[in-house]
Amino acid sequence: EEIERIPKVEPQERAKEVERLKLEVEKIKEELSALRVKISGAKRKEKLLLETNSPECPVCGSPMEEEKRKRLIQESRKVVKEAEEELKRLEELLESKERALKESEKLLKEELVNAERRKALKEEEKRLEEKVTTLQKKLKELNFKEEDIS
């Protein structure tokens, strides 16, 4: 009866889910890291462009007119803005995936414990069935011997 109350779930499937989620979390972390580098680079470029009054590009050294400098500043700001929006989206996704991973890991632990309990109970059930069979045989032998005496 106790064995029937333990959920019949195979932990292997949950283990695969945990591994899949771990890989997704790592991939998102890598993407976040790359975005942070991109944002930092674009901000550095913008700062250099804002601080220069030289007719040469502070990034590559080529001749640069004021109009080109303004356009490059705008492009850098656009890169930063888009990357920061993507960063926010990925941070939210990461948080969601980490919550799902934590929950899946918790369920996996429970499923492993349940699987071990089911296994132990099945073994105990088998042992008890063998004992009952042995006792039934002994009882039959005793009944035969009692009839022989009477």
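A quick note: this is a predicted structure, and the numbers were derived from the prediction, not measured.

Asks: Could you clarify how one ought to interpret the overall build of the protein in this entry?
Replies: Looking only at helices and strands, the protein has three helices and zero strands in total. Helices and strands appear in the protein in the N-to-C order α-α-α. Within the protein, buried positions represent 21% of all 150 residues. In the protein, the proportion of contacts linking residues at least 24 apart, taken out of those at least 6 apart, comes to 77%. In the form shown here, the protein has an accessible surface area of approximately 11900 Å², with 53% of it arising from carbon and sulfur atoms.

Asks: Just to check I follow, could you spell out the confidence of the model for the protein for this structure?
Replies: Regions with low pLDDT should not have their predicted coordinates read in detail. Residues of the protein with pLDDT of at least 70 account for 89%, and the chain-wide mean is 88. Across the protein, element-level confidence peaks in helix α2 (residues 11-51) with a mean pLDDT of 94 and bottoms out in helix α1 (residues 2-5) with 66.

Asks: Explain α2 to me, please; I cannot follow it from the model alone.
Replies: In an α-helix, one turn spans 3.6 residues, which is why side chains three or four residues apart end up on the same side. Between its terminal C-alpha atoms α2 stretches 60 Å, which fits the 60 Å expected from 41 residues at 1.5 Å a residue. Along α2, the residues classified as buried are P11, V18, L21, V25, I28, L32, L35, I39, A42, E46 and L49.

Asks: Explanation requested: the environment of K16 in the structure shown.
Replies: Turning to its location among the elements, K16 is positioned in helix α2. C-alpha of K16 to C-alpha of L108: the two residues are 92 residues apart in sequence and 9.9 Å apart in space.

Asks: Sorry if this is basic, but what is going on with the side chain of E46 here?
Replies: In this structure, E46 sits in helix α2. The class for E46 is buried, based on a relative accessible area of 13%.

Asks: Looking at this model, I keep getting lost on the pattern of salt bridges. Mind explaining?
Replies: A side chain with one charge may pair with a side chain of the opposite charge, provided their charged atoms come close. Summed over the entire model, instances satisfying the criterion amount to 20 salt bridges. A salt bridge links E24 to R20; the shortest N-O distance between them is 2.7 Å. Of this pair, E24 and R20 both sit in helix α2, separated by four residues, roughly a single helical turn. Look at R20 and you get partly exposed, because its relative accessible area is 42%. Taken together, the shared-partner salt bridges in this structure form one network comprising R14, E17 and E111.

Definitions and cut-offs
- All residue numbers refer to positions counted from 1 along the written sequence of the respective chain.
- Predicted model: local features are reported for residues with pLDDT of at least 70 only, side-chain atom pairs are reported and counted for 80 or more only, and whole-chain, interface and lining totals are derived from all residues.
- To get the side-chain values, all heavy atoms of the structure are used, and hydrogens and water are removed first.
- Helical segments are the DSSP runs of H or I of at least four residues, strand segments are the runs of E of at least two, and each set is numbered from the N terminus.
- Note on classification: 1.4 Å probe, protein chains only; a residue is buried when its accessible area is under 20% of the maximum for its type, exposed when over 50%, partly exposed between these limits.
- Only heavy atoms matter for contacts: two residues are in contact if any of them lie within 4.5 Å across the pair.
- Residue-level accessible areas treat just the shown protein chains as cover; the underlying method is Shrake-Rupley with a 1.4 Å probe.
- Known as pLDDT, the predictor's confidence for each residue is given on a scale from 0 to 100.
- In a helix, the anticipated span is given by 1.5 Å times the number of residues less one.
- The salt bridge definition used is simple: a Lys or Arg side-chain nitrogen within 4 Å of an Asp or Glu carboxyl oxygen.

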